[in-house]
Structure formats: C-alpha cells, structure tokens
Amino acid sequence: MEMISGKSDEELAADAAEGSSSGFETLVERYSGKLYLFINRSIRSSDESLDILQDVFFKVYKNISRFDSRWKFSTWIYTIASREMVSHFRKGSVREKNIPEAESKNFENPEDTFFRSEAGNIWKLAKKLKPAWYNILWLKYSEGKTNTEIAKITNRSAISVRVALHRSRTKLAELYRQEELQEFPTASHGGGNILVGE
C-alpha cells in the first residue's frame, strides 16, 4: 500500500499530477472540512456550499498539473474556492439561504460543531462583518495565511489586505463593545490577537 499519510500537500499534488488517485483523495480528505467552513460562512446554505465544494475539487482535479510549486498548495486551493464563490454570487444565487429550523436540528455540519467551541464565539460575532472582511480575518487568524497569500487568494493587493484587516478588527472590537459580552475568549491565531492586530 502506498504510504502517503506523511507526505506534504505539495508532494501529494505532484503525485496526483502524475495520476495518483490516492494522492488526490488524501488532499480531498485534508481540505474538505476546512473548505466547507470557508465557503459556508458566506453562502450559508449547506446544499449550495457542498455544490461549490464539489466544483472546487473538480477544478483542482482538472488543473492539478498546472499547480505552481512556488506557492503553497493551500494558497492555490483557497484561491480556486474564492473564485468559485465569486462566480456563485455573480450567477445570482440566493445568499444566506438558511436551513429551515426543523432541518437544522437534525443536520450536523462542521460549522455547527466549530461555533459551539469557545473560539467559535468570536467568529460567530464576526459573522456580522462584511463577508469579504470575514474571509480575510479567517484566512489570517484561523488558517494562518500571510498577507501575501491572502492577497493572492482574494485577488487584492497586499496593501488592500492590510487595510481590510485593520478595518475588520476595528469593527469587530466595536461589535464586541456593543454586545457587552461578560466573557470574551482571547483568540490568538497565527501569532496575533484578532481584536488588536499583529
């Protein structure tokens, strides 16, 4: 049996480009949950999010031979996901179509589990931000992406990313004060506190 569990994403991508189905399947396993969360925060419909996720992996499979090893594989796949989301909105799909209450009680998705955690309370509050700001915060503090990587993923300049990070953190701090939370968990991801910056 091919030993692939210890391989890096980039090594698996190279294997997949050479025709390894197990390499591609391992990448799918590694990224399905994280990408679902990334997509579902903006789409907020489980069915549409899963459709987009499927489209993302189809694009990855189709274009794996074009992956540029100078970039991290994670940056490449998040770029594809970001573009698929933009395409989804341009097609006029309904945004924030929530799951009916009766269904939501029976449907357990990764986001439900995440938002029950202490760290999730911060991201739940951050959902009140603009989707673009939310995504940039998520990429920075949850995924640990650099500003350069975020700029590539979101098709922005590095300066634009820095400005968006500053404004989104400022707005999140304002939301925190408005909510008058008694206990607000400290969320330090990737070396910085989300409320005060790097």
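Residues numbered from 1 in each chain as written. Predicted model: local features only at pLDDT ≥ 70, side-chain atom pairs only at ≥ 80, totals over all residues. Heavy atoms only, no water.

**Student:** Could you give an account of the overall build of the protein chain, naming the residues involved and the relevant values?
**Tutor:** Scanning the protein chain for helices and strands turns up 10 helices and 2 strands. Ordered by position in the sequence, the α and β elements of the protein chain form the string α-α-α-α-α-α-α-α-α-α-β-β. Sorting the 198 residues of the protein chain into buried and exposed places 44% on the buried side. Taking as baseline every contact in the protein chain between residues at least 6 positions apart, the subset at least 24 positions apart corresponds to 61%. Entry remark: accessible area of the protein chain is about 11,300 Å², with carbon and sulfur atoms responsible for 48%. (Helix = DSSP H or I, 4+ residues; strand = E, 2+ residues; numbered from the N terminus. Buried < 20%, exposed > 50% of the residue type's maximum accessible area, 1.4 Å probe, protein only. Contact = heavy atoms within 4.5 Å. Areas by Shrake-Rupley, 256 points an atom, 1.4 Å probe, with all protein chains shown as cover.)

**Student:** Got a sec to walk through the confidence of the model for the protein chain? Specific residues and values, please.
**Tutor:** Atomic detail in the predicted coordinates should be set aside for any region of low pLDDT. Residues at a pLDDT of 70 or more form 73% of the protein chain, whose mean pLDDT is 77. Here residues 94–109 is a poorly scored stretch, pLDDT under 50, and it has 24 contacts once near neighbours within four places are set aside; other chains count. A low-confidence stretch, residues 184–191 stays under pLDDT 50, and its non-local contacts, those more than four residues away or across chains, total 19 contacts. (pLDDT = per-residue confidence, 0-100.)

**Student:** Explain the side chain of Asn40 to me, and be specific about the residues and the numbers.
**Tutor:** Here Asn40 shows up in helix 2 (residues 21–43). Side-chain polar atoms of Asn40 contact the side chain of Ser49, separated by 2.7 Å. (Polar contact = N/O pair within 3.5 Å; in protein donor to acceptor, adjacent residues only side chain to side chain.)

**Student:** If you had to explain the packing of helix 8 (residues 131–142) against helix 10 (residues 158–179) to someone new, which residues and values would you point to?
**Tutor:** Between helix 8 and helix 10, the shortest axis-to-axis distance is 9 Å and the interhelical angle comes to 100°. The orientation of helix 8 relative to helix 10 falls into the category roughly perpendicular. Of the residues in helix 10, those touching helix 8 at Trp133, Ile136, Leu137, Lys140 and Tyr141 are Val161, Ala164, Leu165, Arg167, Ser168, Arg169, Lys171 and Leu172. Of the residues belonging to the contact of helix 8 with helix 10, the class tally is 8 nonpolar, 1 polar and 4 charged. (Axes fitted to C-alpha atoms, helices over the stretch in contact; angles between N-to-C directions. Parallel < 35°, antiparallel > 145°, perpendicular 65-115°, else oblique. Nonpolar A, V, L, I, M, F, W, Y, C, P; charged D, E, K, R; others polar.)

**Student:** Give me the packing of aromatic side chains: which residues, what numbers.
**Tutor:** Applying the stated rule across the entire model yields 6 aromatic pairs. On the numbers, 5.1 Å between centres and 70° between planes, the contact of Phe24 with Tyr61 is edge-to-face. On the criterion of sequence distance, the pair formed by Phe24 in helix 2 and Tyr61 in helix 3 (residues 46–63) is long-range, its members being 37 residues apart. Each ring, one from Phe67 and one from Trp76, has its centre 5.4 Å from the other, and the planes form 55°; the classification is tilted. (Phe/Tyr/Trp six-rings, centres within 6.5 Å; stacked < 30°, edge-to-face > 60°.)

**Student:** Can you lay out the nonpolar core for me, pointing to particular residues and giving the numbers?
**Tutor:** Of all hydrophobic cores here, the largest spans 46 residues; its most connected members are Leu35, Val56, Val60, Phe73 and Ile77. Looking at which element gives the most residues to this core, the answer is helix 2, with 9 residues. Filtering out sequence-adjacent residues up to four positions away, Val60 remains in contact with Phe24, Phe73, Trp76, Ile77 and Ile80. (Core = buried A, V, L, I, M, F, W, Y, C linked by side-chain atoms within 4.5 Å.)

**Student:** Outline unusual backbone geometry, listing residues and values.
**Tutor:** Positive phi, normally seen in glycine, also occurs at Asn155, with a value near 60°. Positionally, Asn155 belongs in the loop between helix 9 (147–154) and helix 10. Taking the relative accessible area as the measure of exposure, Asn155 reaches 69% and is therefore exposed.

**Student:** I'd like a rundown of the pattern of salt bridges, residues and numbers included.
**Tutor:** Pairing between side chains becomes possible if they bear opposite charge and their charged atoms approach one another. Per the counting criterion, the structure on display carries 5 salt bridges. In this structure, Lys7 engages Asp15 in a salt bridge whose closest nitrogen and oxygen atoms are separated by 2.6 Å. For Asp15, a relative accessible area of 15% puts it in the buried group. Two residues, Glu149 and Lys72, come together in a salt bridge whose shortest N-O distance is 3.5 Å. (Salt bridge = Lys/Arg side-chain N within 4 Å of Asp/Glu carboxyl O.)

**Student:** Account for the side chain of Ser168, naming residues and giving values.
**Tutor:** Checked against the element boundaries, Ser168 lands in helix 10. In this structure, Ser168 is in contact with Leu129, Trp133 and Leu137, ignoring residues within four places of it in sequence.

**Student:** Summarise helix 3; cite the residues concerned and give the values.
**Tutor:** Given a rise of 1.5 Å per residue, 18 residues ought to cover 26 Å, and the 26 Å separating the end C-alpha atoms of helix 3 matches this to within 8%. Taken as a whole, helix 3 has its buried residues at Ser46, Glu48, Ser49, Ile52, Leu53, Val56, Phe57, Val60 and Asn63. On its buried face, helix 3 is in contact with helix 2 and helix 4 (73–90). (Expected span 1.5 Å × (residues − 1).)

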